[in-house]
Structure formats: structure tokens, C-alpha cells
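Architecture at a glance
The primary structure of each chain is shown beneath.
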Amino acid sequence: MASENSKQRSSAMIREQLLEKFGESLEDSLLTECVTVCQMFNIGGDDFFWKWESIVFATVGQKVFNADSVKAVKALIQSGLVKQQAKRQQGKVQLGGVLSKNLFGGLKVPNGRFGIDVVKRAPAVPRQDGFGVTSGEVKMPVAGPSRVAFVGPHQSRSSRAYRYMYEKVSERSEALDDRIDDFGELVKEHYAVDDLGDPSASTEEEVTVVGRITSDQESFAGSGKLNEASLALESSRMMASGARVPLRFEPGVKVRQGKQGAEGVGLFPGAIVALKGKNGGGGWFSVTEILSLPPLKAPSSGNGRSDGDSFSMYIACGPYTPDADLKYKPWHGLLSKMKSDKPAVILLTGPFVDCTHSCIKNGDVNQSPADLFREQFLTPLRDFLASAPDSLVLIVPSVRDMISDHAVFPQCELSQEFSADPRIHLLPNPARFSLNGISFGVSSLDVLFHLRKEEFVRRAQEVDPRPTDGDAAQVDTMANTCRHLLQQRSFYPLFPVPLDLAHEVNLDVSHARGADLCGEGVGADVAPAVLVIPSRLKHFSKVVDSTVAVNPSFLTKGTYATLRCSGAGEEIPLRERFKVDVVRLNS
């Protein structure tokens, strides 16, 4: 009897809620059906009404509540329950797998202690897109003590695996403005300037301005490259409301604190510059002096005796196979040299499976990109590490890599499924890391070619130049091009990307912080000791402002680089500890 009263009270409560939501005009027959559905699925009248509202909002046109509407709400509730049940079943399957049945089934435990081999059980069914691992068991050897102390990126991969193609215009503009404002603070501190001026405002006295070099579209004339007539300066919104002003250089323009012997300055779209001059009201900013940006501090030479041991390093850059086939003959030739010399560190930059390769574009391949990468790279590298157990392998992807699910720059590292050994470290593009306390910077993007193509050199008189300190000769154009990266503190300082080279780099401006040349915190203003920047231009190794810049070129051109770092010494400059050679593959 009590149960019947409870049921009646529940029915009356549901009826009251439905009438409150739908109104007193609801027909008794529809009201009865609604109460039945609510009791069937144990929901209240309010929940029933909200589900009906979700149906109305999801469909176009005005909806009238009738008997078909009750059926639609019932179907919506049933589909939600089916989805919940499927999630529960999926969770049960995951918990009922190999791990739950035999917690230590993947470990060899002789004499009651863990052995040296760990067995990693892969999924039984590989993914159809080629990124899943194959079924079966893969033995993963435990790494022994390495000859080199490696310190990689501090942040996790999730912070770099951002969603691209979701940029907002406001986010892009904020990122561009922040870069100008940051350099503005550096210039004010370095040159003891109280306030930065507005290049668009007419003044009688000279002012110091900071902005980004861009092209004046009205006078650009479609030449495709910057020239003195098309130069313009774009300021941030905080400094000058984002104004863009044409630039005119005075005949006796000077450059202050430039590198001695340079006799000018290189300008390109996206370059941050500090200028001194005034706007006399003619519609342009007249430049009398170019202020060189504050230089980075020289890198440290390590941090103690334990990290100061010498080590050897191989540096190779993709592509690793010629465009005619996918046999990877140059790569296998390098592997034989690696097994013979056994370097302590191997640095490999992509592309490894190049999306622009003719065989891949034409579909003349029977393997997935992931399987091809495992067969040609991971398996041979594990064989090498078996013969050199105290070595390390560092892998940096390329935006052209088919094995990467992140095709923009800055680019996160490859998926952990490709880390077949704990001594194989997957790094982002670009990457900053240290070996024995010595800082390295590397990017697989051909930024040197982009800079050389877009650079406009303006000759100027030198004022208070910085001494060369025995680095590369200033007439060396490649050294000056590398110096742009150090001065602009970015692995890719150009903006926008050159139109005819846009297919080589998908630049995500809103995440441009990931392309900063320096780290954060204590090392934010310290240059890397070694800068690896592969390019289609001629290979080289140069000392540029206390940094060793290395272009090994591409392995398909038959060259790679070897680096030897000697032990630390108090009286030995850091750059003199390195011996870098660009070696012919067949030598």
C-alpha cells in the first residue's frame, strides 16, 4: 500500500512538473504518455522538457509538441543510454586485458629480481592509418649508463601538441605585438632610452622607435623582394596603435654597435629593428641611425668536472634517400660508419619519410609511413645501440614528415610509439637541449635559404662597432645570415613566409614562442653553444658570435657533420673545445 502511494505521489509530481514547463494547455493523452516515459527511464518532468528543448534547438523551424515529439524524446533518451553502456563496456575491456590478468607477465623475474629485459605488449590490432604499432611483443632493452648527460625540453609533449588551424586573428596579432614589445624593452634597457617614440607622429626632435620590417604595398611594385623604396616599419598597438609607416634612409645613415667590418645591416620581412630618426610630416620616417639589437650572452662552458667529459657526435639531416627510390642507400652507408666509429651521440633531423618524395606522391609504396620508418630507421638504430650501449640517438622531425601528426611549425616531437628504446630521444622542431652542460639548438627547417632569398642589405657607416673576437670574417655572407637568427632570437624570424616558399613551412604565428632561440628563465638571454641549421645551401661550419653554426646539408647530397667536444678547462674558450667537420659520405 505504501509503495502504491509513493508511486502515485511520484506520478503526481512528474505531472505537475510537466504542466509547469509545457503549460496547462497540454492535452491529457500527451501528458499521460510523457509521465509514462519519465517513469520508464526514471527521470523527472524537468529533464523531459530539457531534452525536448535540445531537439528543438538542434532542428530548423518551429516545432509543435505532439505524439511524434514524445517518441523523439524517448528515442533521444534511449540513444544516450546506449552510448553510456558502450563506454562502460569499453572500460571493462581495457581493464580485463593482459595487464590485469598478469601484472608482471611482461617482466622476466629470475631469482626473485627483475631482469634486464622488459617486454612491451603492443595492441592486438594496428591502426588503419599506419600510425599504430604492430601486434605481438617488442623487447625493449633497458639503457645502460650513457657517456653523455642529456637534458631535453622541460615541458611535456602535450604542451607542444597544440591544435593547429584554429588560429584567431586576435591571437596572431597579440603574438606579433608581444614580439615587438619584448624587443622594445630590451632596446630601452641596452641603450638607456627613457621612452620609445611613435614613427607615425610628426616631431621636430629625433626619437627612437622599435618595430617590424615589412613592405609598403603601395610602392612595392610587385618586385617580389624588399628594396629601399618598399621598406616600411610596423609598430605594435601599444607603441603606436599598430601604425605602418614607410622608411627613408638618410644618405649618411649610421649603424651603431654593429659587428665590426659588416659595414651595413641586413633587413628582411619580419625583422625587428630599432631606428633613430624623425617623422617630419612628409608621410614617412626618416632614419638617421640604425641601432643594433642587444646581443645574446656568450654560452657557458659546462658546469663541472662530471659534465665536462669529451664526447663525439654525428649530425645527419634528411632527406635520407634520393627521389628515385625508397631504398635509403645514403642512410645505410652512414649506418655502417656509425657502427664502425660508435659516436656517443647521433643527431638526426627529418624528413625521414618525405611527403614530397616522388614514390610516395605517386603511390608507389606498399608500406605505411610508420612501418617504413620502423624498418629503415628504428630497427637499424636499435641494432646500433646494441653494439654501442652507452650511446644516445636524438630525433628531430620535419614538417614534411608523413610519420608526424603535427604538420606545422613550431612542431611537436614524434609520437611515443616511435621511441623503441629509452636511449632514443624524440625532440620537437625546433629543439633546445644540452649535452654535458653544453647547450644546443637545432631545427630541420631551411631558414637560411629563406633568409638569403628575402634579405636586403643596406650599407651604413659604423659607429661604436663590436669587435670580431676572431669569429667568421664579416664579408662572409653565410655568417651574417646565421647572425640574423642570434640577433632576432628566433629559429624563424621571417614574417610573413615568402609566398613562393610557403609550401615548405606552415607557420603557426600564435605559437611563435615555441620557435624562440633561447630558453626561459635563467637562460633566456644566452646563445646556444652549437646551432644546427641544415640548408640546401653549401655546407659549412662557422663560429658566429661565440656560437658554432653548422650546416651539414642533406644526406642525399652525400654530406654529414661530425662534432668532437674536448673536456672542459678554465682557460679554454668554449668555441675552441669544438672540432666540427663536414664529411663526405663516400670518403
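Preceding this section is the structure that the text describes.
Quick summary incoming for the structure in this document. (Residues numbered from 1 in each chain as written. Predicted model: local features only at pLDDT ≥ 70, side-chain atom pairs only at ≥ 80, totals over all residues. Heavy atoms only, no water.)

The next subject is the overall build of the protein. Of the regular secondary structure elements, the protein holds 14 helices and 22 strands. Counting across all 587 residues of the protein, residues that qualify as buried make up 47%. Within the protein, contacts between residues at least 6 apart in sequence are counted, and of these 73% link residues at least 24 apart. Just so you have it, the protein exposes about 29,500 Å², and 52% of that area is on carbon and sulfur atoms. (Helix = DSSP H or I, 4+ residues; strand = E, 2+ residues; numbered from the N terminus. Buried < 20%, exposed > 50% of the residue type's maximum accessible area, 1.4 Å probe, protein only. Contact = heavy atoms within 4.5 Å. Areas by Shrake-Rupley, 256 points an atom, 1.4 Å probe, with all protein chains shown as cover.)

Moving on to the sheet that holds strand β13 (residues 424-426). Sheet architecture is open: 6 strands sit in the order β13-β12-β11-β10-β21-β22, paired in mixed fashion. In this open sheet, the two edge strands, each paired with only one partner strand, are β13 and β22 (578-584). The average undirected angle you get between the axes of adjacent strands in this sheet is 20°. Contacts from helix α10 (residues 329-341) reach β10 (311-317), β11 (345-349) and β21 (559-565), with the element oriented near 175° to β10. This element, helix α12 (residues 369-387), spans β11, β12 (392-396) and β13 of the sheet and lies at about 155° to β12. (Pairing = 2+ DSSP bridges. Axes fitted to C-alpha atoms, helices over the stretch in contact; angles between N-to-C directions.)

Position of Y162 among the secondary structure elements: in the loop between α6 (157-160) and α7 (169-190). The buried category is assigned to Y162, whose relative accessible area is 11%. When the C-alpha atoms of Y162 and C412 are compared, they prove to be 8.3 Å apart, with 250 residues separating the residues in sequence. Once you skip the residues sitting within four places of it in the chain, Y162 turns out to touch H406, V408, F409, P410, D508 and H511. Among the polar contacts listed, one links the side chain of Y162 to the backbone oxygen of P410, at a separation of 2.6 Å. (Polar contact = N/O pair within 3.5 Å; in protein donor to acceptor, adjacent residues only side chain to side chain.)

On to the layout of surface pockets, then. Taken as a whole, the second largest pocket holds about 560 Å³ of empty space. In terms of lining residues, the second largest pocket is bounded by 32 residues, among which A262, G264, V265, G266 and N480 are the most central. Secondary structure elements with two or more residues in the lining of the second largest pocket: β7 (264-267), β8 (272-278), β9 (285-291), β16 (456-459) and α14 (477-488). In terms of residues, the lining of the second largest pocket owes the most to one element, α14, which gives 7 residues. Broken down by class, the residue content of the lining of the second largest pocket amounts to 14 nonpolar, 12 polar and 6 charged. (1 Å grid on protein atoms, 1.4 Å probe; cavity = no way out; pocket = protein on both sides within 12 Å on 5 of 7 lines; lining within 4 Å. Points joined across faces, edges and corners; volume = space filled by probe spheres on them. Nonpolar A, V, L, I, M, F, W, Y, C, P; charged D, E, K, R; others polar.)

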